[in-house]
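Here are the chains, one letter per residue:
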Amino acid sequence: MKLIELKNLKKHYNIGQSNEIRANDNINLEIKEGEFAAIVGASGSGKSTLLHMIGCLDYPTSGQIIIDNQDISKLNDSELAKLRLKKIGFVFQTFNLIPGISSLENVTISLMPYGLSHTKEEEAKKLLKELGMEKRIYHNQSKLSGGEKQRVAIARALINNPKIILADEPTGQLDSKTGNEIMDLLKKLNKEKKITIILVTHSESIMKHAKRIIRLKDGKIIEDKKK
């Protein structure tokens, strides 16, 4: 079943009066539910731009993005925020955790505007335990290693049971051993929870963990290969 569909997607930037950068140029792509895909390419190939548009964090210049049968161009800002909250979890290279608060608070903070229930707090604790963070639930972020911070970020991405996890260079600040542990966690989530995972990376060793490789160059797909 199609979960994500991109149709003639373009993202162009105008610099000055005559310079145009085509970050994404006529992308057509389908991602099925339960896939684990890696979007790969050199720096400047357009991979992060593409991921941000799939995640409703940026708008295309033209074309369509359809997520779970919803054309996001027809949604207002409030509806886009709800779609992100309910269906998409984000994992970033820089973790994007809030300093000065605990692991548990970082996992649940996105729910605060909607009212944090006791049930959700218990779910957050359970997630942290499942991700090997049982002894770090109440630890401040300054006390965590890079790998532990990324586990907290993954728990935050999972707290609303999303259909999709978008991971932008999730191992970029980790050593190779810890990076492989994080990739094993993502593979486990894909296999056991059937979460669709789209990963952006420039690392050949990291992309090997995915089941599908989508390679970009100059904003265009030049290879789309399933294992």
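Quick look at the structure, then. The shown structure was predicted, so the numbers you read here are calculated from the model rather than taken from an experiment.

Thresholds applied
- Residues numbered from 1 in each chain as written.
- Predicted model: local features only at pLDDT ≥ 70, side-chain atom pairs only at ≥ 80, totals over all residues.
- Heavy atoms only, no water.
- Helix = DSSP H or I, 4+ residues; strand = E, 2+ residues; numbered from the N terminus.
- Rg over C-alpha atoms; globule rule 2.2 N^0.38 Å.
- Buried < 20%, exposed > 50% of the residue type's maximum accessible area, 1.4 Å probe, protein only.
- Areas by Shrake-Rupley, 256 points an atom, 1.4 Å probe, with all protein chains shown as cover.
- Lys, Arg positive; Asp, Glu negative; His and termini not counted.
- Charge placed at Lys NZ, Arg CZ, Asp CG, Glu CD.
- Expected span 1.5 Å × (residues − 1).
- Contact = heavy atoms within 4.5 Å.
- Polar contact = N/O pair within 3.5 Å; in protein donor to acceptor, adjacent residues only side chain to side chain.
- Pairing = 2+ DSSP bridges.
- Right-handed = clockwise from strand over helix to strand, strands pointing away.

Looking at the overall build of the protein chain
Alright, step 1. For the protein chain, the helix and strand inventory stands at seven helices and ten strands.
Alright, step 2. Computed over the C-alpha atoms, the radius of gyration of the protein chain is 18 Å, within 12% of the 17 Å expected from 2.2 N^0.38 for a compact globule of 227 residues.
Alright, step 3. By its C-alpha atoms, the protein chain is 55 × 40 × 40 Å across when sized along the principal axes.
Alright, step 4. Looking at the 227 residues of the protein chain, the share that counts as buried comes to 49%.
Alright, step 5. For the protein chain, the accessible surface area stands at approximately 11500 Å², while carbon and sulfur atoms represent 48% of it.
Alright, step 6. Between the centroid of the 38 positive side chains of the protein chain and the centroid of its 28 negative side chains there is a distance of 2 Å.

Details of helix H6 (residues 176–193)
Alright, step 1. Taking 1.5 Å of rise per residue, the 18 residues of H6 would be expected to cover 26 Å, and the 25 Å separating its terminal C-alpha atoms lies within 8% of that figure.
Alright, step 2. In this fold, the buried residues of H6 make contact with strand S3 (36–40), helix H5 (146–158), strand S7 (164–168), strand S8 (196–201) and helix H7 (204–207).
Alright, step 3. Between the side-chain oxygen of the N-cap and the backbone nitrogen of Lys-177 there are 3.1 Å, and the N-cap of H6 in question is Asp-175.
Alright, step 4. Note on H6: the residue one or two positions beyond its end, Lys-194, has a positive phi of about 60°.

Considering unusual backbone geometry
Alright, step 1. Even without being glycine, Asn-69 reaches a positive phi, approximately 70°.
Alright, step 2. Locating Asn-69 in the fold gives a position in the loop between strand S4 (62–67) and strand S5 (70–71).
Alright, step 3. Within the chain, Glu-169 stands out as a residue other than glycine whose phi angle is a positive 50°.
Alright, step 4. Within the secondary structure, Glu-169 sits in the loop between S7 and H6.
Alright, step 5. Under the relative-accessibility criterion, Glu-169 is labelled buried at 9%.

Some thoughts on the pairing of S7
Alright, step 1. Taken across its five residues, S7 has five buried, putting it largely inside the fold.
Alright, step 2. Burial of the side chains of S7 extends over both faces: Ile-164, Leu-166 and Asp-168 are buried on one face and Ile-165 and Ala-167 on the other.
Alright, step 3. Here strand S6 (residues 88–92) pairs with S7 via five bridges, running parallel. Residue pairing in the sheet places Phe-90 in a bridge with Leu-166 of S7.
Alright, step 4. Both S7 and S8 contribute to a ladder of five bridges, which runs parallel. Within the sheet, the bridge partner assigned to Leu-166 lies in S8 and is Ile-198.
Alright, step 5. Viewed along the sheet, the connection from S7 through H6 into S8 turns out right-handed.

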